[in-house]
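Summary of structural features
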Amino acid sequence: MALIVHKYGGTSMGSTERIRNVAKRVAKWARAGHQMVVVPSAMSGETNRLLALAKELAPAKTTDSYSRELDMLAATGEQASSALLAIALQAEGLESVSYAGWQVPIRTNSAYTKARIESIEDTKVRADLEAGRVVIVTGFQGLDELGNITTLGRGGSDTSAVAVAAAMKADECLIYTDVDGVYTTDPRVVAEARRLQTVSFEEMLEMASMGSKVLQIRSVEFAGKYKVKLRVLSSFTPWDIDINEEAVSGTLITFEEDEHMEQAIVSGIAFSRDEAKISVLGVPDKPGIAYQILGAVAEANIEVDVIIQNMSKDGRTDFSFTVNRGDYAKTIDLLNEVVLPKLGALEVAGDAKICKVSIVGIGMRSHVGVASKMFRVLSEEGINIQMISTSEIKTSVVIDEKYMELAVRSLHKAFELEQAPA
Ligand code: ADP
Ligand code: ASP
Ligand code: MG
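Residues numbered from 1 in each chain as written. Chains lettered and ligands numbered in written order. Predicted model: local features only at pLDDT ≥ 70, side-chain atom pairs only at ≥ 80, totals over all residues. Heavy atoms only, no water.

1. As for helix H7 (residues 217-226)
- Within H7 the residues assigned to the buried category are Arg218, Ser219, Val220, Phe222, Ala223 and Gly224.
- Tucked into the core, H7 has its buried residues touching strand S5 (117-120), helix H5 (157-168), helix H6 (201-209) and strand S11 (230-234).
- Backbone geometry just downstream of H7 places Lys227 in the positive-phi region, at approximately 50 degrees. (Buried < 20%, exposed > 50% of the residue type's maximum accessible area, 1.4 Å probe, protein only. Helix = DSSP H or I, 4+ residues; strand = E, 2+ residues; numbered from the N terminus. Contact = heavy atoms within 4.5 Å.)

As structure tokens, this is what we get:
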């Protein structure tokens with residue numbers, strides 16, 4: 001008997017019929033003798049619907065008081081789906097109870113709309129499991145120190161599930177979704193994309209952080225930190241397929257490199273439209289400018305990604321970086337109002353119509369020329385590279401958003417990702 005955490009995404013929970021299917025699948029696992037904790041997302045479209053209602057009443061604001069209410073609102077999506085799943089499980093003849101994040105509680109910091117989990121109290125959940133109940137814990141949400149409901153950022157139910165698995169020391173966390181595993185790139189963009197049987201933790205971390213939304217990055221970080229056995233698999237197989245077959249399907253995230261059988265140089269291509277570029281132009285070139293610009297941005301809780309400082313000319317330089325597109329307006333305002341006057345820079349310019357495309361692979365550590373091949377492929381397609389950033393196992397480029405699909409497809413082909421490695 002094992003303790004297993006299942007997570008079901010929005011599409012998997014998208015209708016009462018699908019919720020019934022989830023319940024039947026979970027019941028199959030429970031009847032096989034496992035203790036089951038299930039973390040559902042809101043029904044598909046629900047989070048968007050709720051957030052759009054807020055926008056109808058007031059344009060998006062970045063104040064804490066507004067963000068607090070967004071979390072209060074969005075958290076209802078998961079509360080509803082969790083209760084529905086508990087009801088469906090009871091209808092299957094199983095004892096089941098659902099808890100909202102605040103009831104567990106799942107404690108987070110107070111960064112509304114992108115809170116981080118700090119701790120999870122497992123007593124109540126454990127007692128229910130011991131009593132033979134299937135426990136449903138809402139994805140995506142938690143409780144801050146002051147008793148406010150918080151949410152974990154879009155896609156945050158993955159993180160809830162892995163964090164619950166870590167806190168409960170679960171034997172495995174299974175992320176059920178609308179594709180049957182992690183692919184070489186998003187199969188909705190490249191039809192030839194291939195499912196990976198295993199992907200190393202480090203590669204998954206890079207892919208998630210570079211925009212592959214199949215797993216939220218923080219869920220991968222949690223899995224790495226607490227060595228949670230993590231698998232991504234399909235919720236669309238018939239619920240009654242053989243449990244042993246199901247248990248080894250999909251993609252396993254591996255922690256040991258030698259377990260990583262598929263030694264391709266590039267394992268995957270990630271992309272993100274979720275970016276915007278900001279440049280501070282004509283900055284007097286003296287010590288401390290990076291700190292003055294990025295320090296202020298960090299203080300406003302805005303994450304910065306690719307950074308470039310140009311060579312200075314006549315004592316002035318240009319400083320560019322990318323932020324999440326959702327933080328674009330806030331960052332421009334902050335720079336214009338606070339940083340520009342202090343710094344004596346000339347102008348703040350921005351471009352929200354960019355994207356980032358990344359090639360990821362452990363093999364890049366030991367092979368030269370991988371990045372240059374990427375640049376060659378893009379140049380052959382006539383795609384201009386605006387920024388470049390590299391790490392040991394990835395190379396990312398920032399390009400015009402309109403070339404994103406072309407770039408991803410050409411790179412997928414050039415690195416022969418549609419073919420299984422020999
Ligand atoms: P869920 O609602 O189950 O959390 P998401 O929509 O968040 O599902 O994530 C699954 C989606 O991630 C897939 O439908 C696919 O379009 C997308 N995706 C992006 N990159 C990849 C990848 N490398 N492998 C598989 N899916 C990917
Ligand atoms: N419902 C939330 C979202 O749409 C969380 C999740 O699905 O993981 O982002
Ligand atoms: Mg998701």
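Having put the structure on the table, let's press on.
2. Digging into the nonpolar core
- In terms of nonpolar packing, the biggest core is built from 42 residues, with Val5, Val137 and Cys173 touching the most fellow members.
- Those residues in contact with Val137 that lie beyond four places of it in its chain are Val37, Val38, Val39, Pro40, Ser82, Tyr99, Val104, Ile106, Val125 and Val164.
- Among the nonpolar cores identified, the runner-up in size contains 24 residues, and Met36, Ile136, Leu174 and Leu233 belong to it. (Core = buried A, V, L, I, M, F, W, Y, C linked by side-chain atoms within 4.5 Å.)

3. Some details on the packing of aromatic side chains
- Tallying each qualifying case throughout the model produces four aromatic pairs.
- Ring geometry for Phe201 versus Phe255: centroids 5.5 Å apart, planes at 35 degrees, classification tilted. Here Phe201 is found in helix H6, whereas its partner Phe255 is found in the loop between strand S12 (251-254) and strand S13 (268-284), with 54 residues between them in sequence. (Phe/Tyr/Trp six-rings, centres within 6.5 Å; stacked < 30°, edge-to-face > 60°.)

4. Regarding the site of ligand 1
- If you check the shell around ligand 1, you find 17 residues, and the closest are Thr177, Asp178, Tyr183, Asp186 and Arg188.
- In this structure, an oxygen atom belonging to ligand 1 sits 3.1 Å away from a main-chain N or O atom of Gly10.
- Within the contact set of ligand 1, an oxygen atom lies 2.8 Å away from a side-chain nitrogen or oxygen of Asp186.
- In isolation ligand 1 offers 570 Å² of accessible surface; the protein chains occlude 90% of this area.
- In the shell around ligand 1, the residues fall into six nonpolar, six polar and five charged. (Near = heavy atom within 4 Å. Polar contact = N/O pair within 3.5 Å; in protein donor to acceptor, adjacent residues only side chain to side chain. Areas by Shrake-Rupley, 256 points an atom, 1.4 Å probe, with all protein chains shown as cover. Nonpolar A, V, L, I, M, F, W, Y, C, P; charged D, E, K, R; others polar.)

5. Focus: the packing of helix H1 (residues 16-31) against helix H3 (residues 64-91)
- Closest axis-to-axis distance for the H1/H3 pair is 9 Å, and the angle between their directions is 60 degrees. The pairing of H1 with H3 is recorded here as oblique in orientation. The interaxial crossing formed by H1 with H3 has right-handed handedness. Residues Ile19, Val22, Ala23, Val26 and Ala27 of H1 lie in contact with H3, whose contacting residues are Leu84, Leu85, Ala88 and Leu89. (Axes fitted to C-alpha atoms, helices over the stretch in contact; angles between N-to-C directions. Parallel < 35°, antiparallel > 145°, perpendicular 65-115°, else oblique. Left-handed = near helix turned anticlockwise from the far one by under 90°.)

6. Focus on the side chain of Ser234
- Among the structural elements, Ser234 can be located in strand S11.
- A polar side-chain atom of Ser234 sits 2.8 Å from the main-chain amide nitrogen of Phe236.
- Dropping the residues within four chain positions of it, Ser234 is found in contact with Arg25, Tyr176, Thr177, Val179 and Asp180.

7. Quick word on the site of ligand 2
- All residues adjacent to ligand 2 are Ser41, Thr47, Glu78, Phe140, Arg154, Gly155, Gly156 and Ser157.
- Glu78 is positioned such that a nitrogen or oxygen atom in its side chain is 2.7 Å from a nitrogen atom of ligand 2.
- In the environment of ligand 2, an oxygen atom lies 3.4 Å from a nitrogen or oxygen atom belonging to the backbone of Gly156.
- For ligand 2, whose unbound accessible area comes to 260 Å², protein coverage reaches 86%.
- Classifying every residue of the shell around ligand 2 by side-chain character gives one nonpolar, five polar and two charged.

8. Some words on the sheet that holds strand S1 (residues 3-8)
- The sheet built from eight strands is open, its strands ordered S3-S6-S2-S1-S9-S11-S12-S10 with mixed pairing. Strands with a single pairing partner mark the edges of an open sheet, and in this sheet they are strand S3 (96-99) and strand S10 (198-200). Between one strand and the next, the sheet's axes are offset by a mean angle of 20 degrees, whatever the strand orientation.
- As defined by bridge partners, S11 adjoins S12 across three bridges and the pair is classed as antiparallel. By the bridge assignment, Val232 is partnered in S12 with Thr251. (Pairing = 2+ DSSP bridges.)

9. Focus: the pattern of salt bridges
- What the rule picks out here adds up to 23 salt bridges.
- Here Glu246 makes a salt bridge to Arg25, at a shortest N to O gap of 2.9 Å. In this pair, Glu246 is assigned in helix H8 (residues 243-247) and Arg25 in helix H1, connecting sequence segments 221 residues apart. Summarising the burial analysis for this pair, Glu246 and Arg25 share the class buried.
- The closest approach of N and O atoms between Lys402 and Asp400, which form a salt bridge, is 3.6 Å.
- Look at Lys402 and you get exposed, because its relative accessible area is 62%.
- Given the relative accessible area of 25%, Asp400 is considered partly exposed.
- Put simply, Arg25, Lys28 and Glu246 are held in one network by salt bridges that share partners. (Salt bridge = Lys/Arg side-chain N within 4 Å of Asp/Glu carboxyl O.)

10. Section: the side chain of Gln141
- Along the polypeptide, Gln141 turns up in strand S7 (residues 141-143).
- From its side chain, Gln141 meets the backbone oxygen of Ala75 in a polar contact 3.0 Å long.

11. Things to note about the packing of helix H9 (residues 289-299) against helix H10 (residues 328-343)
- Close contact between H9 and H10 brings their axes to 10 Å; oriented N to C, the two are set at 145 degrees. As H9 runs across H10, the sense of the crossing is right-handed. Residues Ile289, Gln292, Ile293, Ala296 and Val297 of H9 lie in contact with H10, whose contacting residues are Thr331, Leu334, Leu335, Val339 and Leu343.
- Split into classes, the residues belonging to the contact of H9 with H10 amount to eight nonpolar, two polar and no charged.

12. Thoughts on unusual backbone geometry
- The omega torsion of the bond from Val104 to Pro105 falls at -15 degrees, within 30 degrees of zero and hence cis.
- In this fold, Pro105 is placed in the loop between S3 and strand S4 (106-108).
- Positive phi values are uncommon outside glycine, yet Asp314 reaches one of about 55 degrees.
- With respect to the secondary-structure elements, Asp314 resides in the loop between strand S14 (304-309) and strand S15 (316-324).
- By relative accessible area, which is 77% here, Asp314 ends up exposed.
- In this model, Glu416 sits at a positive phi of 50 degrees, which is unusual for a non-glycine residue.
- Note that Glu416 resides in the segment after helix H12 (404-414).

Remember that the coordinates give geometry; whether it matters functionally is a separate question.
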